[in-house]
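Okay, here's what each chain looks like letter by letter:
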Amino acid sequence: MDIHEYQAKEILARFGVPIPRGGLAYSPEQAAYRSHEIGGDKWVVKAQIHSGGRGEAGGVKVCGNDAEIRDYAATLFGKRMVTKQTDERGKLVGRVYVEEASSIAQELYLGFVLDRSSERIMVVASAEGGMEIEDLSENHPDAILRMLIDPATGFLDYQARELAFGLGFDAGQVAEATKIFRACYRAFRDYDATMVEINPLVVTNEGKLVALDAKMSFDDNAMFRRSEIAELRDMSQEDPVEAGAADRGLSYVSLDGNIGCMINGAGLAMATMDMIKLAGGMPANFLDIGGGASPERVLTAFRTVLADPKVEAILVNIFAGINRCDWVAEGVVQAFQKMQIDIPVIVRLSGTNVEEGRKIIDESGLSLITAETLAEAAEKSVAAIAGKKTA
Ligand code: GDP
Ligand code: MN
């Protein structure tokens with residue numbers, strides 16, 4: 001789960017990370033009002049969306065008076081902002097953050113990520129900040145410092161100091177820098193984060209360190225015990241089909257192709273997507289209906305897949321272990337009874353109760369396309385779409 005910049009800054013500030021004074025606004029008038037509360041004579045107005053790259057996309061602006069803040073904020077509210085990190089539909093701007101502007105002498109990069117291969121939290125840092133980490137690793141790979149944190153010892157003082165010196169901080173700044181590093185690490189650990197990023201962390205003209213941007217992501221599976229974080233969820237920033245599926249307990253990721261997939265098990269789902277590609281097609285989604293799927297659950301999965309207008313055929317691929325092919329078949333039949341389905345549906349069933357399942361499909365009288373193997377199912381799905389187009 002992602003949260004907004006202003007929310008990440010609030011959390012990090014509680015752990016001791018210095019952030020600029022700022023205030024949130026839900027309207028252009030409120031944005032202008034915030035600048036008076038904050039004081040000073042220069043402000044930064046920032047679109048709050050779950051994406052980086054806002055600067056380049058026109059979502060960050062330094063303003064000098066409240067008319068300018070109001071006018072700029074008015075262009076942001078209600079807009080779908082497309083950045084390098086969003087898809088072409090972009091993300092809706094419903095909140096705007098206003099901050100006192102900081103002077104920038106240097107921009108640095110600081111990130112804490114979960115490194116799955118070493119099963120450790122990894123600190124990634126660079127004295128060349130401001131750009132996204134992907135660009136940084138492409139353009140200045142040797143300017144990136146990496147450090148692994150051992151969970152048994154935690155983030156040690158010497159590691160924090162080594163990092164600070166490695167980034168070129170002078171003796172006077174090291175204490176402040178290590179305080180920031182340790183604060184990020186504690187926030188990461190205390191809230192089950194999967195990522196904490198400050199980009200840029202800046203050195204101001206006065207030599208002070210300030211987090212100008214902040215980003216945090218969290219482990220969805222830990223949200224049951226982090227209600228304080230779960231509360232920060234902003235549904236307007238999520239893909240509605242994905243969010244709806246997650247709420248119904250389905251694991252769903254929407255993709256760019258046109259073959260809707262309904263599969264049990266993440267491994268089989270991956271294999272099926274590979275086979276679709278091998279057959280010359282493109283999956284429209286990844287959907288794992290899970291083990292022990294009832295007919296109702298299969299029906300819900302159909303609703304989810306059909307909510308995507310790109311879907312031109314549906315491939316149901318079940319290798320039943322805990323699942324039962326007859327229940328899945330029952331769900332498929334119910335989907336046809338309860339929904340208007342006028343695209344080809346390809347069904348491949350294997351495993352527990354497969355005979356009963358096939359019997360239900362055969363006796364349903366529905367024009368379903370059946371397949372024996374995964375390869376055949378993938379080929380028939382691609383062919384069904386091609387056939388529809390030439391017909
Ligand atoms: P992002 O593009 O979504 O990552 O948004 P950021 O919050 O990182 O802002 C993008 C860029 O705007 C930063 O890299 C800075 O160069 C600039 N910026 C942000 N806040 C300030 C500020 O207070 N003063 C100045 N001068 N520039 C800022
Ligand atoms: Mn940034």
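Above: the structure in question.
Engineer: Before we go on, may I ask you to explain the site of ligand 1 in this structure?
Structural biologist: Every one of the 16 residues lining ligand 1 counts as a neighbour, but Lys46, Arg54, Gly55, Ser102 and Glu107 are closest to it. In the model, an oxygen atom of ligand 1 is placed 2.5 Å from a nitrogen or oxygen of the Lys46 side chain. Here an oxygen atom of ligand 1 sits 2.9 Å away from a polar atom, N or O, in the side chain of Glu107. Protein chains shield 81% of the accessible area of ligand 1, which is 560 Å² for the free molecule. Broken down by secondary-structure element, the contributors of at least two residues to the shell around ligand 1 are β2 (43-48) and β10 (193-203). Taken together, the residues that form the shell around ligand 1 break down as 6 nonpolar, 5 polar and 5 charged. Shared between two domains, the shell around ligand 1 holds at least three residues of each, these being domain 1 (1-19 + 103-238) and domain 2 (21-101).

Engineer: I keep staring at helix α9 (residues 266-278) and nothing clicks. Help me out?
Structural biologist: Structurally, the α-helix is built with 3.6 residues per turn, so residues lying three or four positions apart point the same way. Taking 1.5 Å of rise per residue, the 13 residues of α9 would be expected to cover 18 Å, and the 18 Å separating its terminal C-alpha atoms lies within 8% of that figure. Restricting attention to buried positions, one finds in α9 the residues Leu268, Ala269, Thr272, Met273 and Ile276. In a view along the axis of α9, the buried residues occupy a sector of 140°, so they form one face of it. Counted as exposed and oriented over 90 degrees from the buried face of α9: Gly267, Asp274, Lys277 and Leu278. Where α9 terminates, the next one or two residues include Gly280, which has phi positive at roughly 95°.

Calculation notes
Residues numbered from 1 in each chain as written. Chains lettered and ligands numbered in written order. Predicted model: local features only at pLDDT ≥ 70, side-chain atom pairs only at ≥ 80, totals over all residues. Heavy atoms only, no water. Near = heavy atom within 4 Å. Polar contact = N/O pair within 3.5 Å; in protein donor to acceptor, adjacent residues only side chain to side chain. Areas by Shrake-Rupley, 256 points an atom, 1.4 Å probe, with all protein chains shown as cover. Helix = DSSP H or I, 4+ residues; strand = E, 2+ residues; numbered from the N terminus. Nonpolar A, V, L, I, M, F, W, Y, C, P; charged D, E, K, R; others polar. Domains from an automatic or database assignment. Expected span 1.5 Å × (residues − 1). Buried < 20%, exposed > 50% of the residue type's maximum accessible area, 1.4 Å probe, protein only. Arc of directions from axis to C-beta.

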